[in-house]
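Structural characterization, general
Each chain, written out:
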Amino acid sequence: MSRLPTFRKGGIHPHDYKELSCSAPVEELPCPDELIVPLSQHLGAPAKPLKVKGDSVIMGEKIGEAASFISADIHAPASGTIKEIRSITLANSVVCDAFVITVDKEAQPVTFEKQDYDALSKEEMLAIVKDMGVVGTGGATFPTNVKLMVPKGKHVQHLVINGVECEPYLTSDHRLMLEQSREVIEGILIAQRITEADTVIIGVENNKPDAVEMLKQTVKEMHVDITVMALEVKYPQGDEKQLLKATINREIPSGKLPLDVGAVVLNVGTAFAIYEAVAKRKPLIDRIVTVSGEAMTEKKNVRTPIGTTIGALIDFAGGFSSVPEKLVSGGPMMGFAFYDHATPVIKGTSGLLALSSRKKAPQTACIRCGKCIAVCPMGLQPTKLYRYIDNRRYEEAMQIDLMDCKECGCCAYTCPAQLPLVHAMKLGKRLGRK
Amino acid sequence: MEQNQVVTVSSSPHLKGTMSTSKIMWNVSLALLPAAMWGVYVFGFRALLIILISIASSVGFEYLLLKISKDASVQDGSAFLTGLLIGMNLPSGSSFIIPVLASAFAIFVVKWTFGGLGANWMNPALAGRVFVFFSFTNLMNTYPIPRTLISSTGDSVASATYLSSVKMAMSDQVLTQASGSQVLSHLGTATTGFAQQVSGLFASMGINLSPYTVDAFFGNISGSLGEVSAFLLLLGGIYMLVRKIITWHIPVSFLGSFILLAWAFGGLRNGNGLFSGEVLLPVFSGGLMLGAIFMATDMVTSPVTYRGMILYGVLIGFFTFLIRYYGSLPESVSLAIILVNIFVPAIDRYVKPRKFGEVIPPVKEKKEERA
């Protein structure tokens, strides 16, 4: 067999720990008694609240409205009453207001039936995607309607669907592709109609051969023209820049977007959300969360209402089997460590990990091994950046493209001196901007 | 509830690779071990003493610094590695004070004064070796004969290395239009019976392989106690490659550029034409293998980018060739590496990895930049 396509520059091969949860079918989490629904679950401006304390809400009702072009609507994940609006801290340290909804267990359940959407125009479908609050579910949570809105004069050659899920531990996209491949592909076709893309490619890393097989099978059964591409396993292939290099062999220059190389990239979870929005008029009010990590009793993939607290998810997984060293929202490479069990699941929460403590080597001085440079997928020089930032020379760090760093963590993962490289990059970006 | 549990909150990534500074140092030391043991086998107990004294003094000096200034570390293994390398770079006949002086120079002057681990601009072990070589040239220039050769010469008195014998013969114009191997055989330099057999075997297949080359490859030659066995050094190099401690870039570009130059111009010195230089014997003798695999690849003093590493290797190969073939001293590899160490900050400044999504500027523009 010839070698599978992948991106060329840099990258690492961490153990993927997906065996912990990849064979656990998606379970429904019974709706908890209380939901905490933040107004900022997406990239861009927080939504404007449409409800006040004491108002009653119905499942799927819009309770927050996009406040600017890059922003997204927020919907009630369950019926109930607004207990209060209070300021909370999300796992990614964003502080924002959130609705606290007391769930009415007696309320008439709301169902979302499949409707015929063939007659809809692309503008109408785009409006529905916006109206249903769909954002990227891969983690960056960029408003999907903005992404699908192709500016005049631009032409989308490739719609690339991201089924890579390169973060270790995470299996939510994997299960979605296995269990709901038809819905995912319908969502992809809707996105293709909106963007008028010439071709569609689904990129899936080859550590999920069953998902590749399932998608190929479904594509065949549905008689649609979609290429399913198995990719060599390499982190961070799930980043859109690396994914486009791997699938269509194009590199997005610094500061540019996929559209500049004629492509739009969507996550499989996002494609599913688009399907639910357009075909069922169901807003993005739940998502699959991988609950895993060595310290978690049961490893599960859970369809979770947005606003569910982490504590409720941990209880659902049977609590901790041992004392975790870290609680991580998202994957272990780019996810956020947090501590508060009242932190809610939001639209971008792909995983909840309870990680056990690992053996750590002591930090030493940089020994100039250059391994960080070898693994940097962006062609940056982390060792040099670190040195500048450590000496508070942010200007110079900016000059050698600090802003191109996407904090994927390859450098810090590899560094034998155990230097906190990503931490320094984040710090440098923040302090350098001022 | 479990709210009282203490969890760590830190920046991503939350997974870490298994490589660490000390692991690198100990693995390099492990890779050196076979060659060091061979040195002890052929040069005897005194070689072991030299190595041990050198390691003990390096680690001791590092420990002293730890006590004085708190910014040194013994556990990371770098002082051990420096000591081991210094020992392997000395002839077994050295006086016992030599490794101590070399270690002191390496640890105090080269490493500590520049800021300790990671901050020195030249390889401490090499610097230590060169320091004692220039300070005690007489003591350092006599090399005992390996045990494996004694039976064939019947005499264990110190001799010159291949390189210095050839160099001397060249300047005395003992022979003209001869290769290194021919000079050695003219001088009556001894070989092992094993090497003669191997050489004979190759001759029967129509391949001309001098017995001196065979001896140099396996380590039956005079030299610094850790540099003689090219074979075991190569084995250590392969180990480091497999463990991903070094990459191929430096050794291959160093050896490659040296081999090319030796083949193309190496014959000129002996009055032969272009492209007639002897390759194998020069590569396997002297400190070339130890230098290319273990010294030039020292992370702290080599460039950080792959492109830089290749440029660095090519430059070392070039200077090694110049000093070995046209210099008056036999210290070619050490001096070449130290010389190119000086260029490393410049290489790192100007040789950059290609940025993702960057369009490579046309060649024309690059030329203008130079001018």
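Along each chain, residue indices are assigned from 1 in the same order as the chain's sequence is written. For naming, the first written chain is A and the first written ligand is 1, with later ones following in the order written. Only residues with pLDDT of at least 70 get local features here, since the model is predicted, and only at 80 or more are side-chain atom pairs given and counted; chain-wide, interface and lining totals rely on the full set of residues. As a convention, hydrogens and water are excluded, and side-chain values are obtained from all of the structure's heavy atoms.

1. What about the domain arrangement of chain A?
Residue and element names in this part refer to chain A. The source of the domain bounds is an automatic or database domain assignment. Domain annotation for chain A reports domain 1 (29-112 + 283-355), domain 2 (113-280) and domain 3 (371-433). The C-alpha-based centres of domain 1 and domain 2 are spaced at 23 Å. With 36 residues of domain 1 at the interface, the matching set in domain 2 holds 30 residues. Summed over both partners, buried area is the accessible surface (1.4 Å probe) that two parts give up on being assembled. Both faces considered, domain 1 and domain 2 share a buried interface measuring about 2,600 Å² in area, 59% of it formed by carbon and sulfur atoms. The salt bridge criterion pairs a side-chain nitrogen of Lys or Arg with a carboxyl oxygen of Asp or Glu, the two atoms within 4 Å. Scanning the region where domain 1 abuts domain 2 turns up one salt bridge. Residue Asp131 pairs with Lys62 through a salt bridge whose shortest N-O separation is 2.7 Å. Any pair of nitrogen or oxygen atoms within 3.5 Å is treated as a polar contact; in protein, a donor-acceptor pairing is required on top of that, and neighbouring residues in sequence qualify only through side-chain atoms on both sides. Viewed at the interface, domain 2 and domain 1 are joined by 13 residue pairs in polar contact (both at pLDDT 80 or more). Put simply, the parts of the chain that give the side of domain 1 that touches domain 2 at least two residues each are strand E13 (286-292), strand E14 (300-305) and strand E17 (351-355). Of all the elements, E13 adds the most residues to the side of domain 1 that touches domain 2, at five residues. When checking whether two residues touch, look at their non-hydrogen atoms; a contact exists if any pair is within 4.5 Å. Numbered from the N terminus, helices here are DSSP runs of H or I no shorter than four residues, and strands are runs of E no shorter than two.

2. Some points on the sheet that holds strand E9 (residues 158-162) of chain A
Residues and elements named next belong to chain A. Pairing between two strands requires that DSSP report at least two bridges joining them. One open sheet accounts for four strands, arranged E11-E10-E9-E12; its pairing is parallel. Of all strands in the sheet, those bounded by a partner on one side alone are strand E11 (227-231) and strand E12 (263-267). Strand after strand, the sheet turns through a mean of 25° between neighbouring axes, direction not considered. Bridging between E9 and E12 involves five bridges; their strand directions are parallel. Looking at the pairing, Val160 lines up with Val265 of E12. Contacts from helix H5 (residues 209-222) reach strand E10 (199-205) and E11, with the element oriented near 170° to E11. Axes here mean lines fitted to C-alpha atoms, for a helix over just the part in contact, with angles spanning 0 to 180 degrees between N-to-C directions.

3. Details of the interface of chain A and chain B
If you look at the interface, chain A gives 62 residues, while chain B gives 42 residues. For the pair chain A and chain B, the two sides together bury roughly 4,300 Å², of which 56% comes from carbon and sulfur. Run the count over chain A and chain B and you get four salt bridges. Linking chain A with chain B are 25 residue pairs in polar contact (both at pLDDT 80 or more), by the criterion used here.

4. Considering the side chain of Thr192 of chain B
All names here are of chain B. Along the chain, Thr192 falls in the loop between helix H9 (180-187) and helix H10 (193-204). One polar contact links the side chain of Thr192 to the main-chain amide nitrogen of Ala195, over a distance of 3.1 Å. A polar contact of 2.7 Å, which involves the side chain of Thr192, links it to the side chain of Asp215.

5. As for empty space enclosed by the protein
All names here are of chain B. Computed over the protein atoms alone on a 1 Å grid, cavities are sets of points where a 1.4 Å probe fits but cannot get out and pockets are open sets with protein on both sides within 12 Å along at least five of seven lines; a residue lines them when it has an atom within 4 Å of a point. Grid points are joined across faces, edges and corners, and a volume is the space filled by probe spheres set on the points. As enumerated under the stated definition, the model contains eight cavities of 30 Å³ or more in all. The computed volume of the largest cavity comes to approximately 300 Å³. Taken together, 23 residues make up the lining of the largest cavity; nearest its centre are Met25, Leu81, Asp298, Met299 and Val300. Residue assignment for the lining of the largest cavity shows that the elements contributing at least two residues are helix H1 (21-43), helix H3 (78-88) and helix H5 (124-135). The element best represented in the lining of the largest cavity is H3, accounting for four residues. Each of domain 1 (21-140) and domain 3 (246-351) accounts for three or more of the residues forming the lining of the largest cavity. By volume, the second largest cavity amounts to about 200 Å³.

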